[in-house]
Every structure is written in structure tokens, then in C-alpha cells.
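Per-entry structural report
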Amino acid sequence: MLNSITPRSAALLVLAGALATLMGAWIFEYLGYAPCELCLLQRWAYYAALPLAVLAAMSAPNRPALARSWLGVLALLWLGSMAFGVYHAGVEWKWWLGPSTCGNQADFSGGLPDLGKPVILCDTAAIRILGLSLAGWNALISLGLALVSMAGMRTQGSSSVSQ
């Protein structure tokens, strides 16, 4: 399926995937699953991907080489996001330590935290769906979006005729 995807289609899929994932995160937050510091940092890739995917989609009909370049940037962004998701999931599974500012061993040497807000620990998964935390799902979604971006980079055809 991904072998014949056009750069424009890949960009639009990445745009839709990033937007859907962000909306899902916001819905979970609305339902009471407050994000930790690492969760919020993981969203940066999604925020950055939105305008990049729009640029790739807009440039695809007339400048497919430029669109493939934007898709290359997106592929690197998603691979980094996947690595960050694996890191955060590993912190949650206690495979390695996370930042000292958001775990059970938080250091308050810089002052007391805001006592009006609940402490959200990065080393405790707020929810697991099919055995994966949201950080784990971020890693899988990011891998999928990286693969879509790479598939769109590989195609040479212009999307102006087929789209």
C-alpha cells in the first residue's frame, strides 16, 4: 500500500495522523488523564509536524522534489519522536531513570512545586491500552508516520494528476 503513495498523499496522511493523535491526547486530558512533563514534550513533534506536512502537501503538485524534502524532514522528526516515546515508556516500565524533575524521586531543591496543581509523575503510566501506555502508543504512531513520510519521499511521480 505504501509503495505507490504520492508525496501529497503521504503529507496529507501525516497531517491527519498528527492532528488525530493530538486530538486524542487532548481528549484523554479532558477525561482526567493529566499529562506529565515528558508527555507534554512528546507533543512538540506533533505541533511541528502540522505546518511541515501542510508545506509538503502544498508543494507536491508543482514541486515534488521540495515535497519529498519536507517529507524527509518529517521522517527524521518522527524517528526522533519514536525514540522519545520509547525513552518515556522505558521510564514508565522502570527500565531506566527519567529526569529527576518528574519521578518519584523529584528534587525540590529549586523550591516547592506549585501546591495548587497535582504532581504528575513521568514514571507512572496514567493509562495502559492493550498493554501500552500513551508513551508507548506515541512510539508506535511516530514509527508509522515515519514510514508514511519515507514512502512519500521514495516516489517520483507528481501528485497533480493523481490528486
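Everything that follows concerns the structure shown earlier in this document.
For clarity, every value in this text was computed on a predicted model and none was experimentally measured.

1. Things to note about the overall build of the protein chain
- The secondary structure content of the protein chain amounts to 5 helices and 2 strands.
- Listing every helix and strand of the protein chain by position from the N terminus yields α-α-α-β-β-α-α.
- Out of the 163 residues belonging to the protein chain, those deemed buried represent 36%.
- For the protein chain, the share of sequence-separated contacts (at least 6 apart) that also reach a separation of at least 24 residues comes to 78%.
- Of the accessible surface of the protein chain, which amounts to about 9100 Å², a share of 70% is contributed by carbon and sulfur atoms.

2. Overview of unusual backbone geometry
- Positive phi outside glycine occurs at Lys94, with the angle close to 65°.
- Along the chain, Lys94 turns up in the loop between α3 (64-92) and β1 (128-129).
- Backbone geometry at Leu130 places phi at a positive 55°, although glycine is not the residue there.
- Mapped onto the elements, Leu130 comes out in the loop between β1 and β2 (132-133).

3. A closer look at helix α1 (residues 7-30)
- Compared with the 34 Å implied by 1.5 Å per residue over 24 residues, the 34 Å span of α1 between its first and last C-alpha is a close match.
- Where α1 ends, the next residue or the one after it, Gly32, has phi of about 105°, a positive value.

Quick notes on the rules
- Starting afresh in each chain, residues are numbered from 1 along the sequence in its written order.
- With the structure being a predicted model, the display of local features is reserved for residues of pLDDT at least 70 and the display and counting of side-chain atom pairs for 80 or more, all residues being used for whole-chain, interface and lining totals.
- Side-chain metrics rest on all non-hydrogen atoms present in the structure, leaving aside hydrogens and water.
- Each helix is a run of DSSP H or I of at least 4 residues and each strand a run of E of at least 2, with the numbering of both proceeding from the N terminus.
- Only protein chains enter the accessibility calculation, which uses a 1.4 Å probe. A residue is then buried if its area is under 20% of the maximum for its type, exposed if over 50%, and partly exposed in between.
- By the convention used here, residues are in contact when the closest approach between their heavy atoms is within 4.5 Å.
- Per-residue and other accessible areas follow the Shrake-Rupley method at a 1.4 Å probe size, with only the shown protein chains counted as cover for residues.
- Multiply 1.5 Å by the residue count of a helix minus one, and that product is the helix's expected span.

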